[in-house]
Amino acid sequence: MTDRLDHFIAGDHSPPANGEYLTSTNPATLETLYEFARGSADDVAKAVDSARRTFETREWRRTTPTQRGHLLRRLGDLIGENADELATLESQDNGKLLREMKGQLQGLPEYLYYYGGLADKVQGSQIPTNSPEVINFTQREPLGVVGAITPWNSPLTLTMSKLAPALAAGNTLVIKPSEYTSRTVLRVAELAYEAGFPAGAVNVVTGLGAEAGQSLVDSPQIAKISFTGSTRTGAAIARAVAPRFIGCTLELGGKSPNIVFEDADVSNAAMGVIAGIFAAAGQTCIAGSRVFAHRRIYDELLEKVTERASTIVIGDPMAPETELGPLAFANQLDKVESYVHLGVDEGGRLAYGGRRPDVGLPGYFFEPTVLTDTHNEMRICQEEIFGPVAAIMPFDTEDEVLRLANDTEYGLAAGVWTSNLQRAMRMSQRLEAGTIWTNMYRAMSPMSPRQGFKNSGVGIEHGFESMHEYTRLKSLWINTDEGPLADPFVLGR
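All figures in this text were calculated on a predicted structure; none of them were measured in a lab. (Residues numbered from 1 in each chain as written. Predicted model: local features only at pLDDT ≥ 70, side-chain atom pairs only at ≥ 80, totals over all residues. Heavy atoms only, no water.)

J.: Help me understand the pairing of strand β4 (residues 21-25) in this model?
T.: For a regular strand, side chains alternate in direction, first toward one face of the sheet and then toward the other. Of the two faces of β4, only the one carrying Leu-22 and Ser-24 is buried; Tyr-21, Thr-23 and Thr-25 on the other face are not. Two elements, β4 and strand β5 (residues 32-37), share five bridges in a ladder whose sense is antiparallel. Pairing of Thr-25 across the sheet is with Thr-32, part of β5. In this antiparallel pair of consecutive strands, β4 and β5, the connection spans six residues, and Leu-30 shows a positive phi of 65 degrees. (Buried < 20%, exposed > 50% of the residue type's maximum accessible area, 1.4 Å probe, protein only. Helix = DSSP H or I, 4+ residues; strand = E, 2+ residues; numbered from the N terminus. Pairing = 2+ DSSP bridges.)

In structure tokens:
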């Protein structure tokens, strides 16, 4: 019998108000995994009311930052204890390799430990004044109820980058996970309650983005929206909340350049290209989908990349030998395939891949694909594909490749491969992206801040800086002089 999952609201499972459920499918086998609640505006209102009531309770407001840190560390422990279960569930949900998910889940408690340590480190400051009798200082306070909308490609990791700092700062949350990956986010909400967070601190409403997600964005009680997903949806969210003047953290799309200079270790660079575009089937916002290779080493790099691509093991993501699992759902497979056809129609040449392979499973599989004879103005080089498709292009000079790399509406990440330290620094300073890797690609830490430039988003995730995304600054003035007040018609300072 198929499992049926309800929302998680106020510390308990909550059936959908409309009585409707949706179905989740394993992208590798196309088997039904479970049914989950189809959230409506009524469900979102119930969850937001729960989060608001909890935020306003004496119990939560009197929970000290140090105590919140203890709760976060306990949640980290519980996630670690349940890591194998969560990794399996997530791999079944979105098709990512089980061994990668196990690695992510083993590292996920570090998010909770890190932000648990930051919970009592958020400080204000004393401001100099022109009067010895006047004290001016600042303090940071929580915003209230945070609405978090999370994607399907790395559900738990990207949920944790919102949940952990928001709770550390003293907020409560309502999370709307992707309709393709609801199960693990619901499980973490249960673990948060088990860890000791009060009922209503972490709520999850599942369902469709146009229904539950839109209702969350439109809720007048939400103090902030934190969203990870497409640039188009992020722009729509920003427009929707602008009249209410509430904040947004938006981590959006990318079309990241991976640049290989003539003095690079070409073998290492080839592995970096593979990691940047074929790991996770290219379904990452930081995917290094535009590869620029210096003309002197272009042929060598292309040969090494295509040779390794040809040996990538495609198949069941649960199998330990698999290196490339399926795309997450049917529409994503269709989109990736259509972009490859578009690239060929634009004049590109398939150096490898470009087909749906027969792997003995009926799922949404697509070969690792390398396109050559492309140029940066092509749509396939400008629009986010979100699949295992790389366009490899030659360049001659540093200035040329900088111009090409920056010639995109996105600015999320970039990679540089060189043995020249001075060049590495120049490139890092001139590339228009929030994260620059040199002689490596696709690394992430809760301690390292991430920010998208241009159409890749606004706001910061990870690092101490992200704590400011979930707090507001208050300036406090105190007059200690017990004498008569000065001229009321003159501005004090």
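Moving on from the coordinates now.
J.: Is there a simple way to think about the UniProt feature "active site" (unreviewed entry) in the protein chain in this case?
T.: Here, UniProt's "active site" (unreviewed entry) annotation points to Glu-251. Topologically, Glu-251 is positioned in strand β12 (residues 247-251). Residues in contact with Glu-251, not counting those within four places in the same chain, are Leu-158, Phe-227, Thr-228, Gly-229, Cys-285, Arg-450, Ser-456 and Glu-461. (UniProt positions renumbered as here; feature names shortened; annotations may be inferred. Contact = heavy atoms within 4.5 Å.)

J.: Would you mind going over the pattern of salt bridges with me for this structure?
T.: In a structure, side chains of opposite charge can pair up when their charged atoms sit close to one another. A complete count under the given rule lists 28 salt bridges for this structure. One salt bridge in this structure joins Glu-251 and Arg-450, with 2.6 Å as the shortest N-O distance. Residue Glu-251 is located in strand β12, and its partner Arg-450 is located in strand β21 (residues 450-451); the two are separated by 199 residues in the primary sequence. Look at Glu-251 and you get buried, because its relative accessible area is 6%. The residue Asp-396 makes a salt bridge to Arg-295 at a minimum N-O spacing of 2.9 Å. (Salt bridge = Lys/Arg side-chain N within 4 Å of Asp/Glu carboxyl O.)

J.: It is not clear to me how the sheet that holds strand β1 (residues 3-5) should be interpreted in this structure. Could you clarify?
T.: Sheet strands associate in pairs through backbone hydrogen bonding, adopting either a parallel or an antiparallel arrangement. Taken in spatial order, the three strands of this open sheet run β1-β5-β4, and their pairing is mixed. Because the sheet does not close on itself, it has two edges, and the strands there are β1 and β4. Averaged over all adjacent pairs, the angle separating strand axes in this sheet is 30 degrees, with direction ignored. Across three bridges, β1 lies against β5 in parallel orientation. Bridge pairing links Leu-5 to Phe-36 in β5. (Axes fitted to C-alpha atoms, helices over the stretch in contact; angles between N-to-C directions.)

J.: Quick question: what am I supposed to make of the nonpolar core here?
T.: Across soluble globular proteins, nonpolar side chains show a tendency to be buried alongside one another. In this structure, Ile-259, Leu-301, Val-305, Met-427 and Leu-431 are the most contacted members of the largest nonpolar core, which totals 66 residues. Sequence-distant contacts of Val-305, that is, excluding residues within four places in its chain, are made with Ala-270, Val-273, Ile-274, Val-370 and Ile-392. Counting residues in hydrophobic clusters, the runner-up holds 51 residues, among them Leu-33, Trp-60, Leu-75 and Tyr-111. (Core = buried A, V, L, I, M, F, W, Y, C linked by side-chain atoms within 4.5 Å.)

J.: Would you explain the UniProt feature "domain: Aldehyde dehydrogenase" (unreviewed entry) in the protein chain in this entry?
T.: Here the UniProt feature "domain: Aldehyde dehydrogenase" (unreviewed entry) sits at residues 20-475. Note that residues 20-475 is 39% helix and 21% strand, and that its end C-alpha atoms are spaced 48 Å apart.

J.: How should the sheet that holds strand β16 (residues 369-372) be read in this particular structure?
T.: Judged by pairing direction, the sheet is mixed, and its seven strands sit side by side in the order β15-β16-β17-β14-β13-β19-β20 without closing on themselves. Strands at the two margins of the open sheet, each flanked by one partner only, are β15 (349-352) and β20 (435-438). In this sheet, adjacent strand axes meet at a mean angle of 25 degrees when their direction is disregarded. The pairing of β15 with β16 spans three bridges and is classified as antiparallel. Within the sheet, the bridge partner assigned to Tyr-352 lies in β16 and is Val-370. Strands in contact with helix α14 (residues 398-406) are β13 (257-260), β14 (290-294) and β17 (389-395); relative to β14, the strand with the most contacts, it is inclined by about 175 degrees.

J.: How should helix α5 (residues 98-107) be read in this particular structure?
T.: Since the α-helix packs 3.6 residues into each turn, any two residues three or four apart lie on the same face. When α5 is considered as a whole, its buried residues turn out to be Leu-98, Glu-100, Met-101, Gln-104 and Leu-105. Projected down its long axis, α5 carries its buried residues within an arc of 155 degrees, all on one side. (Arc of directions from axis to C-beta.)

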